[in-house]
Amino acid sequence: MFNLILFGPPGSGKGTQSAKLVEKYGLIHLSTGDLLRKELKLKTPLGVEAQQFIDKGQLVPDEVVIGMISSALDENASARGFLFDGFPRTTAQAEALDKLLELKKSSIALVLFLDVNEEELIQRLINRAKTSGRSDDADETIQRKRQDVYRKETLPVAAHYDKFKKVIHVDGMAEIDVVFSGLTSHIDKKIA
Ligand code: AMP
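Residues numbered from 1 in each chain as written. Predicted model: local features only at pLDDT ≥ 70, side-chain atom pairs only at ≥ 80, totals over all residues. Heavy atoms only, no water.

Draft legend 1. Up close: the overall build of the chain. The number of helices and strands found in the chain is nine helices and five strands. Moving toward the C terminus, one meets the helices and strands of the chain in the order β-α-β-α-α-α-β-α-β-α-α-α-β-α. The C-alpha radius of gyration of the chain comes to 16 Å, within 12% of the 16 Å expected for a compact globule of 192 residues. Expressed along its principal axes, the backbone C-alpha trace of the chain runs to roughly 45 × 40 × 30 Å. Taken across its 192 residues, the chain has 46% of its residues classed as buried. Pairs at least 24 apart in sequence give 76% of the contacts found in the chain among residues at least 6 apart. When the accessible surface of the chain is split by element, carbon and sulfur atoms take 53% of a total near 9900 Å². Of note, the chain has its 27 positive side-chain charges centred 2 Å away from the centre of its 28 negative side-chain charges. (Helix = DSSP H or I, 4+ residues; strand = E, 2+ residues; numbered from the N terminus. Rg over C-alpha atoms; globule rule 2.2 N^0.38 Å. Buried < 20%, exposed > 50% of the residue type's maximum accessible area, 1.4 Å probe, protein only. Contact = heavy atoms within 4.5 Å. Areas by Shrake-Rupley, 256 points an atom, 1.4 Å probe, with all protein chains shown as cover. Lys, Arg positive; Asp, Glu negative; His and termini not counted. Charge placed at Lys NZ, Arg CZ, Asp CG, Glu CD.)

Draft legend 2. Quick peek at the packing of aromatic side chains. A complete count under the given rule lists four aromatic pairs for this structure. Of the aromatic side chains, those joined through ring pairs into one cluster are F7, F113 and Y150. We note K20 situated over the ring of F180; from NZ or CZ to the ring centre the distance is 4.8 Å. (Phe/Tyr/Trp six-rings, centres within 6.5 Å; stacked < 30°, edge-to-face > 60°. Lys NZ or Arg CZ within 6 Å of the ring centre and 35° of its normal.)

Draft legend 3. Main features of the UniProt feature "binding site: ATP" (unreviewed entry) in the chain. Within this numbering scheme, the UniProt entry marks G11, S12, G13, K14, G15, T16, R128 and A174 as carrying the feature "binding site: ATP" (unreviewed entry). Assignment of secondary structure puts G15 in helix α1 (residues 14-25). Looking at the element boundaries, R128 is found in helix α6 (residues 118-132). Once residues lying within four places of it in the same chain are set aside, the contact partners of R128 are G11, R134, D137 and R146. (UniProt positions renumbered as here; feature names shortened; annotations may be inferred.)

Draft legend 4. Quick look at the site of the ligand. Near the ligand you find 16 residues, and of these T32, R37, Q58, R89 and Q93 are the closest. For the ligand, an oxygen atom lies 3.3 Å from a polar atom in the side chain of R134. With the chains in place, 95% of the 480 Å² that the ligand exposes on its own is no longer accessible. For the shell around the ligand, the element with the highest residue contribution is helix α2 (residues 32-41), accounting for four residues. In terms of residue class, the shell around the ligand is built from six nonpolar, five polar and five charged. (Near = heavy atom within 4 Å. Polar contact = N/O pair within 3.5 Å; in protein donor to acceptor, adjacent residues only side chain to side chain. Nonpolar A, V, L, I, M, F, W, Y, C, P; charged D, E, K, R; others polar.)

Draft legend 5. Spatial organisation of the UniProt feature "binding site: AMP" (unreviewed entry) in the chain. UniProt feature "binding site: AMP" (unreviewed entry): in the numbering of this structure it lies at T32, R37, Q58, L59, V60, G86, F87, P88, R89, Q93, R134 and R146. Taken together, the annotated residues stretch across 115 residues and extend over separate regions, lying up to 24.2 Å apart by C-alpha. Along the chain, the position of V60 falls in the loop between α3 (45-54) and α4 (62-75). With near-sequence residues (within four places) excluded, V60 lies in contact with L36, A50, F53, I54 and V65. Within the secondary structure, G86 sits in the loop between β3 (82-85) and α5 (91-103). Given a relative accessible area of 11%, G86 falls into the buried group.

Draft legend 6. Spotlight on the packing of α6 against helix α8 (residues 140-162). Following both chains from N to C, one finds α6 and α8 inclined at 135°, their axes separated by 10 Å at the closest point. As the angle between them shows, α6 and α8 are arranged oblique. Like other packed secondary-structure pairs, α6 and α8 cross with a definite hand, here right-handed. In contact with E118, E119, L121, I122, L125, I126 and R128 of α6, α8 contributes E140, Q143, R144, R146, Q147 and R151. Of the residues that constitute the contact of α6 with α8, the class distribution is four nonpolar, two polar and seven charged. (Axes fitted to C-alpha atoms, helices over the stretch in contact; angles between N-to-C directions. Parallel < 35°, antiparallel > 145°, perpendicular 65-115°, else oblique. Left-handed = near helix turned anticlockwise from the far one by under 90°.)

Structural data, given as structure tokens:
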């Protein structure tokens, strides 16, 4: 299995680049944000619990997202690999993911970190709010809260994988196709 984490703050382009990467490399896309929004739409008990956190720009409890990822890994046992998007978002999630992959005799090959400055992120999220229909995009206070949570709780995940020399930074401010070729050149080097 070949597993990647696409890492970066909210609005850094993870969703856009993930769609292109899974198509090119035949990976399964696992976005905890997308999985949670599906539950929310269906009004499942998990979705109802998650909504209160999402609407405030806070993280959903670790055990909820780890459980979702664990099920998704089991459901796709014969996958070539996975692309994790928006997960792990805390060091506890990263440690749980490492253990789940270890049980499958696998690991994270690379953490691709999209670098985008904060003012650009807020601008992108304001634009995204016009079409995404996401209530957590529409409110600038919630957006800033999400950037705050990212800095405090999610950035340490990069430090976790940095210990294993797995993190590569890519300039996320460039055009979509330029960012994509930056990402693929690192992936291709790793695969070769
Ligand atoms: P995203 O689509 O990745 O921006 O996620 C939207 C919201 O879903 C986040 O602001 C969190 O409230 C929640 N969420 C998504 N992924 C996670 C995760 N790995 N851990 C905790 N909460 C998450």
